[in-house]
Amino acid sequence: MSTLPTLSPQKILEAKIVSHCYFYSANSVKPSFFLPNPHATAARSSRRVKQLIHRGATGGASAPAGQPMSVAHMASSNVDGTDDRISRISSTIRVIPDFPKPGILFQDITTLLLDPKAFKDTIDLFVERYKDKNINVVAGVEARGFIFGPPIALAIGAKFVPMRKPKKLPGEVISEEYSLEYGTDTMEMHVGAVQPGERAIVVDDLIATGGTLNAAIRLLERVGVTVVECACVIELPELEGRVKLGNKPLFVLVSSA
Ligand SMILES: O=P(O)(O)OC[C@H]1O[C@H](OP(=O)(O)OP(=O)(O)O)[C@H](O)[C@@H]1O
Ligand SMILES: Nc1ncnc2[nH]cnc12
């Protein structure tokens, strides 16, 4: 018998575009997350930002001590607010404390992939959103964007374009640097993979600080592609990654605020 590991404290975002207008609904949280959150009341200082990057993993979990994080985020959307696909997806995402380093609660989507219905529902929700939007390009960010992007691309009849870490793509590339918690990284895309005037979505599993998606948008826009929207399974809203996206729309399914 397979056992799904501890459920996450994530809040459910039965949403389409993540706007500034959230509303809340129920969420299921296991007792292991009825724990005090030592970061909950910290001020937002630049030092705090670094803490948050670690804590980003907590999903910004901020329940008062001893209380469950039991309120779900939802944004106004054209996903039916009672759509139980979202709560199922949320419940399959595992949170691993202190991975990859102390203080981080890692949002692990591999447990979502173990549940074929949750995985299919995840893809379906994205496909329902993008199938009639004349999208030519699904750009997926290495590595976890490679899991969700290709099935979306196939279903909507778009090409899949991998956005890779440095020195992985064999052909001529263009590159963009982006900020990480400490230092920078670089994202690359093959020259000729996309054409000016094409319409793209950028797909990843998660937005934290937004640096990764921002780099992907810059790469595509440099060559004249219109980035219609970014699409992620999970958002860590306290990290305010959406700010780095400017006015680019962001669509997420689950918010871990
Ligand atoms: O919004 P950001 O702060 O930029 O972080 C989000 C990115 O971080 C994770 O990838 P990671 O860099 O860990 O790479 P991996 O998928 O190869 O493990 C995640 O899959 C996103 O791509
Ligand atoms: N908390 C987190 N969990 C999983 N992937 C991440 N990427 C950045 N922050 C993350």
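Preceding this section is the structure that the text describes.
Let me begin by describing the structure that accompanies this report. (Residues numbered from 1 in each chain as written. Chains lettered and ligands numbered in written order. Predicted model: local features only at pLDDT ≥ 70, side-chain atom pairs only at ≥ 80, totals over all residues. Heavy atoms only, no water.)

Quick notes on unusual backbone geometry
No. 1: With an omega of 0°, the peptide bond between Phe99 and Pro100 qualifies as cis.
No. 2: Here Pro100 lies in the loop between strand 4 (94–97) and strand 5 (105–108).
No. 3: The peptide bond linking Glu142 to Ala143 adopts the cis configuration, its omega dihedral lying at 0°.
No. 4: Residue placement: Ala143 occurs in the loop between strand 6 (137–141) and helix 5 (145–156). (Helix = DSSP H or I, 4+ residues; strand = E, 2+ residues; numbered from the N terminus.)

Quick look at the site of ligand 1
No. 1: For ligand 1, the set of nearby residues contains 13 residues, the closest of which are Lys165, Asp204, Asp205, Thr209 and Thr212.
No. 2: With respect to ligand 1, the side chain of Lys165 contributes an N or O atom lying 2.8 Å from an oxygen atom.
No. 3: Here Gly210 contributes a backbone N or O atom positioned 2.8 Å from an oxygen atom of ligand 1.
No. 4: Relative to its unbound accessible surface of 500 Å², ligand 1 loses 76% to contact with the protein.
No. 5: Those elements giving two or more residues to the shell around ligand 1 turn out to be strand 10 (199–207) and helix 6 (211–222).
No. 6: With four residues, the single largest contributor to the shell around ligand 1 is strand 10.
No. 7: Considered class by class, the residues forming the shell around ligand 1 number four nonpolar, four polar and five charged. (Near = heavy atom within 4 Å. Polar contact = N/O pair within 3.5 Å; in protein donor to acceptor, adjacent residues only side chain to side chain. Areas by Shrake-Rupley, 256 points an atom, 1.4 Å probe, with all protein chains shown as cover. Nonpolar A, V, L, I, M, F, W, Y, C, P; charged D, E, K, R; others polar.)

Describing the packing of aromatic side chains
No. 1: By the definition in use, this model includes five aromatic pairs.
No. 2: Pairing Phe99 with Phe106 gives two aromatic rings, centres 5.1 Å apart and planes at 85°, and the pair type is edge-to-face.
No. 3: What makes Phe99 partly exposed here is its relative accessible area of 43%.
No. 4: Ring plane angle 80° and centroid distance 5.6 Å describe the contact between Phe126 and Phe251, whose orientation is recorded as edge-to-face. Remark: Phe251 occurs in strand 12 (residues 250–255) and Phe126 occurs in helix 4 (residues 116–130); sequence separation between them is 125 residues. Residue Phe126 shares its accessibility class with Phe251, and that shared class is buried.
No. 5: Across the ring face of Phe251, the terminal group of Arg129 is positioned such that the distance to the ring centre comes to 4.8 Å. (Phe/Tyr/Trp six-rings, centres within 6.5 Å; stacked < 30°, edge-to-face > 60°. Buried < 20%, exposed > 50% of the residue type's maximum accessible area, 1.4 Å probe, protein only. Lys NZ or Arg CZ within 6 Å of the ring centre and 35° of its normal.)

With respect to helix 2 (residues 84–92)
No. 1: Turning to helix 2, its buried residues are Arg85, Ile86, Ile89, Ser90 and Thr92. Projected onto a plane normal to the axis of helix 2, the buried residues spread over an arc of 165° and lie on a single side. (Arc of directions from axis to C-beta.)

Notes on the state of the cysteines
No. 1: Evaluated as defined, the whole model comprises zero disulfides.
No. 2: Cysteine Cys230 shares no disulfide, and the gap to the nearest cysteine sulfur, in Cys232, comes to 6.7 Å.
No. 3: Taking relative accessible area as the criterion, Cys230 reaches 0% and is therefore assigned buried.
No. 4: For Cys232, a relative accessible area of 0% translates into the label buried. (Disulfide = S-S within 2.5 Å.)

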